[in-house]
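This is what each chain is made of:
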Amino acid sequence: MENLASIKDALAQARKIVIKIGSNTLAKADGTQNTDFMRDFARQCSNLIKNGKQVVVVSSGAQVSGVSTLKEWARKKDVHFRQALCAIGQVELMSQWRKAFGEFGLHIGQLLFTKDDFEDSHRSLNIRNTLFTLVDEGAVPVINENDSIATDEFSIGDNDNLSALTAILWSADLLILFSDIDGIYTDNPKTNPAAELIETVPDIAALRKSITIGGTNSFGTGGIETKIQAAEKTVVYGIPMLLANGGRENILDQLVEGSAKGTLFLAE
């Protein structure tokens, strides 16, 4: 990529884009699935594809979808119940993504991974080939961690890092992480109104020294730390990463137009 002056430049120059949707973006306030968001996001992805872009989606939300389907399991904390809930929810999640993208004439393909898949050279080559085939044929890959079988030993742990691994494997031009905040701030903007948005990050090590990193939020497994980890992975491969608020209306369209803000991590 040429030198990037703005988010608009990053999107204009990128042809292959990985977009990660976090659980908080996919969930309504009551914790159930936000199907209106999914449809509108699919519309915006369709616009990108019509303009010559290729899109891979990394979608959290299996557990959110499971809770939407089986509300009586929502409070069960046992790991086997949580993994069973993800197994049920993953089916519902993909069904809703299929409906959403189908409205715009797009097919989706499901891919579920564990950490082991990226560490095995034969499997990772197969993943890469499948991704290329799907996008070359006009389909949209929708990726998630295989939460129903992943254990601590084989778990990536969060979809921020999963999306970074996917971007690297696919040789993407840009990784976009959609969360419930506008980007990286000097402090937590929800508790400190004086916190300032950092719009460009040329040096991640310097960023770490200058900000306060909080914990995770209610539905997601990540937080600011995992987003910075994802950026650390991609920028060394020449892939810039953008963090933006997925809950804002028409956020993808606005980023393309240059009318929305976020935090852009510049590639090395």
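Above: the structure in question.
This text gives an overview of the structure that appears in the document. (Residues numbered from 1 in each chain as written. Predicted model: local features only at pLDDT ≥ 70, side-chain atom pairs only at ≥ 80, totals over all residues. Heavy atoms only, no water.)

**Details of the sheet that holds strand β9 (residues 241–245)**
If you walk across this open sheet you meet the 8 strands as β3-β4-β2-β1-β5-β9-β10-β8, and the pairing is mixed. Two strands lie at the open edges of the sheet, namely β3 (108–113) and β8 (200–201), each paired on one side alone. With 6 bridges connecting them, β3 and strand β4 (residues 140–145) associate as parallel partners. Within β4, the position partnered with Gln-110 by the bridge is Val-142. Across the face of the sheet, helix α10 (residues 224–235) comes into contact with β1 (16–21), β5 (174–179), β9 and β10 (263–265) while running at roughly 150 degrees to β9. (Pairing = 2+ DSSP bridges. Helix = DSSP H or I, 4+ residues; strand = E, 2+ residues; numbered from the N terminus. Contact = heavy atoms within 4.5 Å. Axes fitted to C-alpha atoms, helices over the stretch in contact; angles between N-to-C directions.)

**Comments concerning the pattern of salt bridges**
Evaluation of the coordinates by the stated rule reveals 11 salt bridges. Measuring nitrogen to oxygen at the nearest pair gives 3.6 Å for the salt bridge that ties Arg-123 to Asp-116. Note on Arg-123: relative accessible area 36%, which makes it partly exposed. A salt bridge links Asp-117 to Arg-123; the shortest N-O distance between them is 3.0 Å. (Salt bridge = Lys/Arg side-chain N within 4 Å of Asp/Glu carboxyl O. Buried < 20%, exposed > 50% of the residue type's maximum accessible area, 1.4 Å probe, protein only.)

**Considering the packing of aromatic side chains**
Applying the stated rule across the entire model yields 5 aromatic pairs. Taken together, a centroid distance of 5.9 Å and an interplanar angle of 20 degrees make the contact between Phe-37 and Phe-41 stacked. Of the two residues, Phe-37 and Phe-41 are both situated in helix α3 (residues 35–50); the distance of 4 residues between them amounts to about one turn of the helix. Accessibility assignment for this pair places Phe-37 and Phe-41 in one class, buried. Pairing Trp-97 with Phe-101 gives two aromatic rings, centres 5.7 Å apart and planes at 40 degrees, and the pair type is tilted. Highlighted residues: Trp-97 and Phe-101, both in helix α5 (residues 79–102), separated by 4 residues, approximately one helical turn. By the burial criterion, Trp-97 is buried, and Phe-101 matches it. (Phe/Tyr/Trp six-rings, centres within 6.5 Å; stacked < 30°, edge-to-face > 60°.)

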